[in-house]
Amino acid sequence: QVQLAESGGGLAQAGGSLRLSCTASGHVYTINAMGWYRQAPGNQRELVADITSGGTIRYADSVKGRFTISRDDAENTVSLQMNSLRPEDTAVYYCNADTHDYTGPMDYWGKGTLVTVSS
């Protein structure tokens, strides 16, 4: 199993910045990709950004050019630098680990951290 511990988040004004971090523990050798998803009230959970062990990165169109995801394999950490924040970025942000072991693929999730952007 993999455990994910998130930090960061909080309140920011529009145009401001926040940084989220997520540290994985447990069977980290099974992790293929790590990333961030978000869920706003009344909306489905959506991908924000993720990065594979090979360094391939995906961003949601809505955050391209504003958010940057990075990964530190030595620390088993993935971070999300969020700049030029907008009120519509307000959501609970969840860290995700996409893993694969002898039992098959498995997704793990953090507990979520709230990001609130005021206008």
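Residues numbered from 1 in each chain as written. Predicted model: local features only at pLDDT ≥ 70, side-chain atom pairs only at ≥ 80, totals over all residues. Heavy atoms only, no water.

Chemist: Kindly report on the side chain of R66, identifying the contributing residues and their values.
Modeler: Relative to the elements of secondary structure, R66 occurs in the loop between β6 (57-59) and β7 (67-72). At 2.8 Å, the side chain of R66 and the side chain of D89 are in polar contact. Sequence-distant contacts of R66, that is, excluding residues within four places in its chain, are made with Q81, M82, N83, S84, L85, R86 and D89. (Helix = DSSP H or I, 4+ residues; strand = E, 2+ residues; numbered from the N terminus. Polar contact = N/O pair within 3.5 Å; in protein donor to acceptor, adjacent residues only side chain to side chain. Contact = heavy atoms within 4.5 Å.)

Chemist: Account for the sheet that holds strand β8 (residues 77-82), naming residues and giving values.
Modeler: A sheet is described by the order of its strands in space; here 4 strands give the open sequence β1-β3-β8-β7, paired in antiparallel fashion. Single-partner strands in this sheet number two, and they are β1 (2-8) and β7. Averaged over all pairs of adjacent strands, the angle between strand axes in this sheet comes to 15 degrees, irrespective of strand direction. (Pairing = 2+ DSSP bridges. Axes fitted to C-alpha atoms, helices over the stretch in contact; angles between N-to-C directions.)

Chemist: How would you explain the pairing of strand β10 (residues 104-109) if you had to name every residue and give the values?
Modeler: Across 6 bridges, the pairing between strand β9 (residues 91-101) and β10 is antiparallel. Its bridge partner lying in β10, N96 is registered against W109. Linking β9 to β10, which pair antiparallel, is a turn of 2 residues.

Honestly, it's all geometry; don't read function into it.
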